[in-house]
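Breakdown of the fold
Next come the chains, spelled out residue by residue.
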Amino acid sequence: VQLQASGGGSVQAGESLRLSCVASGFYFPNAAINWHRQVSGSQREVVASITDTGTTTYLDSVKSRFTASRDNAKNTAYLQMNSLEPEDTAVYFCQVVITIPGAQDFVVWGHGTLVTVSS
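Attention in this report is confined to the structure presented alongside it. Per chain, residues are indexed from 1 in the order of the written sequence. Side-chain atom pairs in this predicted model are given and counted only at pLDDT of 80 or more, local residue features only at pLDDT of at least 70, and totals for whole chains, interfaces and linings cover all residues. Calculated side-chain values reflect all of the structure's heavy atoms, with hydrogen atoms and water omitted.

1. Points about the sheet that holds strand β7 (residues 66-71)
Two strands are counted as paired when DSSP detects at least two bridges linking them. Under the scheme used here, helices are H or I runs from DSSP no shorter than 4 residues and strands are E runs no shorter than 2 residues, and both carry numbers assigned from the N terminus. Reading across the sheet, the four strands line up as β1-β3-β8-β7 and stay open at both edges, with antiparallel pairing between neighbours. A strand with exactly one partner marks an edge of an open sheet, and here the two such strands are β1 (2-6) and β7. For this sheet, the mean inter-axis angle between neighbouring strands, taken without regard to orientation, is 15 degrees. Taken together, the six bridges between β7 and strand β8 (residues 76-81) define a ladder with antiparallel strand orientation. Note that in β8 the partner of A68 across the bridge is L79. Here, axes are lines fitted to C-alpha atoms. For helices the fit covers the stretch in contact, and angles between N-to-C directions go from 0 to 180 degrees.

As structure tokens, this is what we get:
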């Protein structure tokens with residue numbers, strides 16, 4: 001069971017990045033994917049989520065700039081980040097959650113990928 005996140009980097013404000021999260025070892029189409037970010041010294045926050053049926057939700061501060069998507073055929077989730085701002089600088093993590101009726105949720109975390117936005 002593994003999640004491999006990639007796509008982070010250093011960009012200027014206003015530029016874009018696309019994060020990818022490749023999953024293996026479980027049935028990806030059943031998974032909800034949450035994208036979290038964490039700034040050093042702060043709590044991790046959820047910036048975007050996409051359910052198994054493709055419904056998305058976003059943190060208010062990234063609405064209209066970030067888009068979560070998924071390609072079940074590739075076992076991959078994406079976070080397209082446009083119009084990046086210095087405040088978006090953080091380590092970004094993908095998380096998979098599969099709800100199992102009558103049992104504990106199946107949760108997997110990927111390694112973080114650093115996004116740095118300079119002004």
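2. Description of the packing of aromatic side chains
Pairing of aromatic side chains here covers Phe, Tyr and the six-membered ring of Trp, requires ring centres within 6.5 Å, and sorts the geometry by plane angle: under 30 degrees stacked, over 60 edge-to-face, intermediate tilted. By the definition in use, this model includes two aromatic pairs. Judged by centre distance (6.3 Å) and plane angle (85 degrees), the ring pair of F93 and W109 falls under edge-to-face. Separated by 16 residues along the polypeptide, F93 in strand β9 (residues 90-98) and W109 in strand β10 (residues 106-109) bring together distant segments of the chain. Only protein chains enter the accessibility calculation, which uses a 1.4 Å probe. A residue is then buried if its area is under 20% of the maximum for its type, exposed if over 50%, and partly exposed in between. With relative accessibility at 37%, the residue W109 sits in the partly exposed group. One Lys or Arg, R44, reaches over the ring of W109 and ends 4.7 Å from the middle of that ring. The side chain of R70 reaches across the aromatic face of F28, ending 4.8 Å from its centre. Charge-over-ring contacts are defined here by two conditions on Lys NZ or Arg CZ: a distance within 6 Å of the ring centre and an angle within 35 degrees of the ring normal.

3. Here's the deal with the environment of S6
If you trace the backbone, S6 turns up in strand β1. On the accessibility criterion, S6 (36% relative accessible area) is partly exposed. Measuring from C-alpha to C-alpha, the distance between S6 and R44 comes to 18 Å, with 38 residues separating the pair along the chain. Contacts were defined at the residue level, with two residues in contact if any of their heavy atoms lie within 4.5 Å. Residues in contact with S6, not counting those within four places in the same chain, are R18, L19, S20 and T113.

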